[in-house]
Amino acid sequence: MYINCHSYYSLRYGVLSVPQLLSLAKENEISQLALTDINSTSACLEFCRDAPKECIKPVVGADIRNGNNRSYVCLAKNNQGFLEINHFLTTYLHNKKEFPEIPPPFSDVITIIPFEKVLEYELENFAPDWYIGISVADLNKLKFSHLKGYTEKLVLLQPVTFCNQTHINIHRLLRCIDLNIVLSKLPETEQGTEKDKMYSVNQLETLFEDFEHILLNTQKLINSCNIEFKFDDTRENQYQTTYLKKTQEDYDYLVSLVNKRIASRYKNVTSQIKERIEKELKAIRQMDFVSYFLINYDIVQYAVKNDYPYIGRGSGANSVVAYILGITNVDPIELDLYFERFINLYRSSPPDFDIDFSWKDRDDVTRYIFERFPNTALMGTYVTFQFKAVVRELAKVFGLPKAEIDDFIKGNKQQQKNDHYFKLVTKYGKLIHGFPNYLSVHSGGIVITKNPVQAYCATFMPPKGFQTLQIDMHIAEAVGIFKFDILAQRGLSKIKDAIELIKENQPNAQIRDIDDTTPFKNDPAINDLLKIGDCIGVFYVESPAMRTLMTRLQTQDYLGLVAASSIIRPGVTNGGMKNAYIERHRFPEKRLEAHPVLLEIMSDTYGVMVYQEDVLKVAHFFAGLSLAEADVLRRGMSGKGRSKEQFEALEKKFYSNCKEKGYAEKVIEEVWDQIKAFAGYAFAKGHSASYAVESYQSLYLKKYFPLEFMTAVLNNGGGFYNLEMRWNS
């Protein structure tokens, strides 16, 4: 019945979250509802997902405004209409142009023009899908207007923005923050009215007693709108499904690449390697992730051709196929990395590749991706109002002096003169805390979809010139849109710049192949740098905490560095496992304190969980879960699981299996608690190993070409230390 509802994604205007809006509709016995945020479709997917759970039919669209001047409301008849609305929004948002006052022609979009606008523009002729919107406030005027004769074109256009006085107050404060004015200067034209609320069905029928046809027309209009997306357990992958033209061509190409490149990674292709490759290829094909691998391969090949250093990490480093393709530089066979951490039949989301490039090269790689693949956008993210920032903004809205605001934020709350206003500031600061404030860009997420990205939401154009989604990764993943992580760091540029400086400064110097790190890992002189913590300027291991940890561990080899890179993480510390690992590493007799089964399962880490894979090992070998089930358990504990029921079932199975194996209740509880404290913050072993490879590349340069390396470090900036500290180093 309501076709002009706002959520708080009508930024600095709306006050209702999607759940609050749906709850309000239920209270008023409304079974059909349209979400039309101002110049935005950010909340539409969330609305489409959650409304059916409340037995409410979702309709989506947008409230088109220039400033606070409402021009018309657009509703999508279907998914094609939603695409049209998003294309329309995108065109004007990208170019920062005002929206046309008269709606453009659409094919699958219903346009409702407010009563006042129809009068202002003296509209007499209406396209088939144009309607005249009548609000509760318009009823008295309608009685004396010639427009009442357009009986088939009149529909209810009642804005729903508030549900109580507190909401109205929040709205007015948000409008002041947006306009950067004090509350007393807020014009009526820049805010909603007290009548912008939801009425019950009975109230509407009473109010429109003389205009029953308006409500009937509105009902017909809503009935004609049907939009469909699938979410969560029923979602369909929305990323580009083929790299070439057909899925079989993609698979054949992937297999040919593996066969062509395998000799560059393995001089002796053992039966173990062959079996692992066959297992992975079968899973990749079965899970429909072939194009995902080929797109990542395409991206890193562009980097290779342009001599851009990169490092592939994340759980993607658990894949032998990714290692052979050159997406990652970590051998999963050498490190005994579980493929199930990467892909398993319980997991519908694609593998997790995080590809780091130099901060100097990332923008060009991003440009290439946008030019190479047709349906591409950056992932959006919402920056929310934080309490302290809101307090400062609200205090300015109330016209309070800056000195008093600063004192209040510092904790001096004894402001006698303006105490009343600071109480209001605190009250409304708490209410506004967590509201979306503005759209921003995800740190590295790029989406490549099978449909135009505007099929899911509108996009905006940030300063770097790459279109960006109006939605964040959480709702994107819920609908099946998964990002490619294209990230930037300074460590890679330090390595590249150092090599260029060596060639310039020492033209006759013999520089080892930087990608072949085996000699570095076996060099005692390089490993001694780890042991004594002489790592200033070295990627990932230069922090004071990391240097201290390595000296405590007496780290002196690659696997020791991989472990150190992981146990520095909060999960290991929170579970009390960091100190246990250090003690057992330094004092072998302490290893006997581990549970015998855990010591057998994790002999390389002395029975201590250090990596995410250790959760899989313990759940599989200690508790008897399958590896796929174990990964579901890990994801559930880290907050990434999609099914609470599935997680709870696995928790019960964990306990029952352990009891069947004869473990004491206390032991089961201790192991479960360790997993729970650990799982959300640990690194994948492949992730740590990828970082360790880059660390060794830097260590090699620091040991044998210290002048050029430290010059590159200084030129690239960043890190933990000031210029003087680096200079002395």
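The model shown is predicted, which means the values in this text are computed figures rather than measured ones.

### Brief notes about the overall build of the protein chain
Right, on to step 1. When you go through the protein chain residue by residue, the secondary structure sums to 33 helices and 14 strands.
Right, on to step 2. A compact globule built from 729 residues would reach a C-alpha radius of gyration of about 27 Å, and the protein chain, at 30 Å, matches this within 12%.
Right, on to step 3. Structurally, the protein chain occupies a C-alpha span of about 95 × 70 × 65 Å along its principal axes.
Right, on to step 4. A total of 729 residues make up the protein chain; the buried ones form 57% of that total.
Right, on to step 5. Summarising the internal contacts of the protein chain: among those between residues at least 6 apart in sequence, 74% fall at separations of at least 24.

### Quick look at the pattern of salt bridges
Right, on to step 1. Per the stated rule, a full pass over the model turns up 29 salt bridges.
Right, on to step 2. One salt bridge connects Arg65 with Asp63, and the closest N-O pair in it is separated by 3.1 Å.
Right, on to step 3. We classify Arg65 as buried; its relative accessible area is 5%.
Right, on to step 4. The partner of Asp178 in a salt bridge is Arg175, and the shortest N-O contact between them spans 3.1 Å. Here Arg175 and Asp178 lie together in helix H6 (residues 165–179), a separation of three residues that amounts to about one turn.

### Focus: the packing of aromatic side chains
Right, on to step 1. Across all of its chains, the model carries 35 aromatic pairs by this definition.
Right, on to step 2. On the numbers, 5.4 Å between centres and 75° between planes, the contact of Tyr8 with Tyr9 is edge-to-face. Each member of the pair Tyr8 and Tyr9 is classed as buried.
Right, on to step 3. Ring-pair connections join several aromatic residues into one group, and the members of that group are Tyr239, Phe289, Tyr292, Phe293, Phe353 and Phe484.
Right, on to step 4. Positioned above the aromatic ring of Tyr131 is the side chain of Lys153, whose terminal nitrogen or guanidinium carbon lies 4.9 Å from the ring centre.
Right, on to step 5. Taking the ring centre of Tyr558 as reference, the NZ or CZ of Lys521 above it sits at 3.8 Å.

### Observations regarding the sheet that holds strand S6 (residues 130–134)
Right, on to step 1. Pairing is mixed in the open sheet, where seven strands are placed in the order S1-S2-S3-S4-S5-S6-S7. Sheet topology places strand S1 (2–5) and strand S7 (154–156) at the edges, where each strand pairs with a single neighbour. Put simply, the sheet's adjacent strands are angled 35° from each other on average, direction ignored.
Right, on to step 2. Looking at chain direction, strand S4 (residues 69–76) and strand S5 (residues 109–114) are connected through four bridges and run antiparallel. Residue pairing in the sheet places Val73 in a bridge with Ile112 of S5.
Right, on to step 3. Contacts between helix H8 (residues 212–223) and the sheet are confined to S1, strand S2 (32–38), strand S3 (57–66), S4, S5, S6 and S7, with S7 contributing the most and set at about 80° to the helix.

### As for the packing of helix H15 (residues 387–397) against helix H17 (residues 419–432)
Relative orientation and spacing of two packed helices are given, respectively, by the angle between their axes and the distance between those axes.
Right, on to step 1. As a packed pair, H15 and H17 sit with axes 9 Å apart at the nearest point and diverge in direction by 130°. One finds that H15 runs oblique with respect to H17. At the point where H15 passes H17, the crossing takes the right-handed sense. Residues Phe387, Val390, Val391, Leu394 and Ala395 of H15 form the contact with H17, whose own contacting residues are Val425, Thr426, Tyr428, Gly429, Lys430 and Ile432.

### Looking at helix H14 (residues 362–372)
Right, on to step 1. If you check which residues of H14 are buried, you get Arg362, Val365, Thr366, Tyr368, Ile369 and Phe370.
Right, on to step 2. Residues of H14 that are buried in the fold lie against helix H11 (290–305), strand S9 (354–358), strand S10 (376–384), strand S11 (436–448) and strand S14 (483–489).

### Regarding the pairing of S1
Right, on to step 1. Direction of pairing for S1 relative to S2: parallel, over a ladder of two bridges. Bridge pairing links Tyr2 to Leu33 in S2.

### Here's the deal with the nonpolar core
Right, on to step 1. Grouped together as the largest cluster of nonpolar side chains are 103 residues, with contacts concentrated most on Tyr2, Leu21, Leu33, Ile134, Met198, Phe208 and Phe229.
Right, on to step 2. Met550, Ala564, Met609 and Phe622 belong to the second-largest nonpolar core, a separate cluster that totals 73 residues.

### What about H17?
Right, on to step 1. Under the 1.5 Å per step criterion, the end-to-end length of H17 is 20 Å for 14 residues, consistent within 8% with the ideal 20 Å.
Right, on to step 2. In the core, the buried residues of H17 are packed alongside H6, H15 and helix H16 (402–409).
Right, on to step 3. Directly beyond the C-terminal end of H17, a positive phi value near 95° is found at Gly434.

### So, the environment of Val18
Right, on to step 1. With respect to the helices, strands and loops of the structure, Val18 is situated in helix H1 (residues 18–27).
Right, on to step 2. In sequence terms Val18 and Ile481 are 463 residues apart; their C-alpha atoms lie 21 Å from each other.
Right, on to step 3. Ignoring any residue separated from it by four or fewer positions in sequence, one finds Val18 in contact with Ala43, Glu46, Phe47 and Asp50.

Analysis parameters
- Residues numbered from 1 in each chain as written.
- Predicted model: local features only at pLDDT ≥ 70, side-chain atom pairs only at ≥ 80, totals over all residues.
- Heavy atoms only, no water.
- Helix = DSSP H or I, 4+ residues; strand = E, 2+ residues; numbered from the N terminus.
- Rg over C-alpha atoms; globule rule 2.2 N^0.38 Å.
- Buried < 20%, exposed > 50% of the residue type's maximum accessible area, 1.4 Å probe, protein only.
- Contact = heavy atoms within 4.5 Å.
- Salt bridge = Lys/Arg side-chain N within 4 Å of Asp/Glu carboxyl O.
- Phe/Tyr/Trp six-rings, centres within 6.5 Å; stacked < 30°, edge-to-face > 60°.
- Lys NZ or Arg CZ within 6 Å of the ring centre and 35° of its normal.
- Pairing = 2+ DSSP bridges.
- Axes fitted to C-alpha atoms, helices over the stretch in contact; angles between N-to-C directions.
- Parallel < 35°, antiparallel > 145°, perpendicular 65-115°, else oblique.
- Left-handed = near helix turned anticlockwise from the far one by under 90°.
- Core = buried A, V, L, I, M, F, W, Y, C linked by side-chain atoms within 4.5 Å.
- Expected span 1.5 Å × (residues − 1).

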